[in-house]
Amino acid sequence: MDGRLKGIRFACSPNQLKTPVQYRKGESDLVLRRGKWFLVATCDIPEPEPYAPADWIGVDRGMVNLATTSDGSNYQGRRLGRYRRRQVRKRAELQRKNTSQRCPRCGHTERANRPGRDHFHCRRCGLAGPADVVAGVNVRDRARSAWVFVTAPAPTLSLNQRGLGGCDP
Ligand SMILES: [Zn+2]
């Protein structure tokens, strides 16, 4: 069989039919591959609207409370267990970035900001509070600046590393 044919009937599942019926453009090809026939249709599917979050909630995963968010809520219990295990691998990375020792007000990062497991006290500006809430705020701030970076137009100048993730010297 050579060339083009019009109006060829074919059958497929209703689910498979949805995309070509809605978005098919131009010609389709009937292809024989390893003894099976495939209908190859070009579909022009519009991009979905980009999603823009109103804000972020930073979550600190800790020893006492399973999770503490940047608005100060604590979460405990089995429901979070699965989520927690899934996040364990990411945890080391977060700790490396000093989430727990960084002051969200002045940016000062020092081990001494964290005199105990439960308390945060900035050695430079004096900000004090529950350590897990402070860590949650830091995570939220990092998400905010990362989001700005991801959605910003391509930079024409060289990137300033310190500006990307809100990291400190
Ligand atoms: Zn401070």
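Quantities reported herein were computed from a predicted structural model and do not represent experimental measurements.

### Section: the coordination of the zinc ion
Thinking step 1. For the zinc ion, the full set of protein donor atoms is Cys103 (SG), Cys106 (SG), Cys122 (SG) and Cys125 (SG), and the range of their distances to it is 2.2 to 2.3 Å.
Thinking step 2. What the four donor atoms of the zinc ion show is an angle range of 104 to 117° at the metal, which sorts the shape as tetrahedral.
Thinking step 3. All donors of the zinc ion belong to a single chain; written as a sequence motif, their spacing is C-x2-C-x15-C-x2-C. Of this pair, Cys103 sits in the loop between α2 (79–96) and β6 (119–121) while Cys122 sits in the loop between β6 and β7 (128–130), and the two are 19 residues apart along the sequence.

### Here's the deal with the side chain of His108
Thinking step 1. Residue placement: His108 occurs in the loop between α2 and β6.
Thinking step 2. Judged by its relative accessible area of 18%, His108 falls in the buried class.
Thinking step 3. In this structure His108 touches Gln101, Arg102, Cys103, Asn113, Cys122, Arg123 and Arg124, once residues within four positions along its chain are discounted.

### Focus on the pairing of strand β2 (residues 36–43)
Thinking step 1. Bridge count for strand β1 (residues 24–33) against β2 is seven bridges, and the pairing is antiparallel. Bridge assignment links Leu32 to a residue of β2, and that residue is Trp37.
Thinking step 2. Remark: two residues form the turn of the hairpin made by β1 and β2, two consecutive strands paired antiparallel; Arg34 in that turn has positive phi of roughly 50°.

### Quick word on the confidence of the model for the protein
Thinking step 1. Considering every residue of the protein, the mean pLDDT works out to 76; 70% of them sit at 70 or more.
Thinking step 2. Taking the mean pLDDT of every element in the protein, the minimum, 43, falls on helix α4 (residues 161–165) and the maximum, 94, on β6.
Thinking step 3. Ignoring residues within four places in sequence, the model shows residues 157–169, a span with pLDDT below 50, making 13 contacts including any to other chains.

Definitions and cut-offs
Residues numbered from 1 in each chain as written. Predicted model: local features only at pLDDT ≥ 70, side-chain atom pairs only at ≥ 80, totals over all residues. Heavy atoms only, no water. Donors = N, O, S within 2.8 Å, 3.2 Å for Na, K, Ca; no water. Tetrahedral: all angles 85-135°; square planar, octahedral: opposite > 155°, others 65-115°. Helix = DSSP H or I, 4+ residues; strand = E, 2+ residues; numbered from the N terminus. Buried < 20%, exposed > 50% of the residue type's maximum accessible area, 1.4 Å probe, protein only. Contact = heavy atoms within 4.5 Å. Pairing = 2+ DSSP bridges. pLDDT = per-residue confidence, 0-100.

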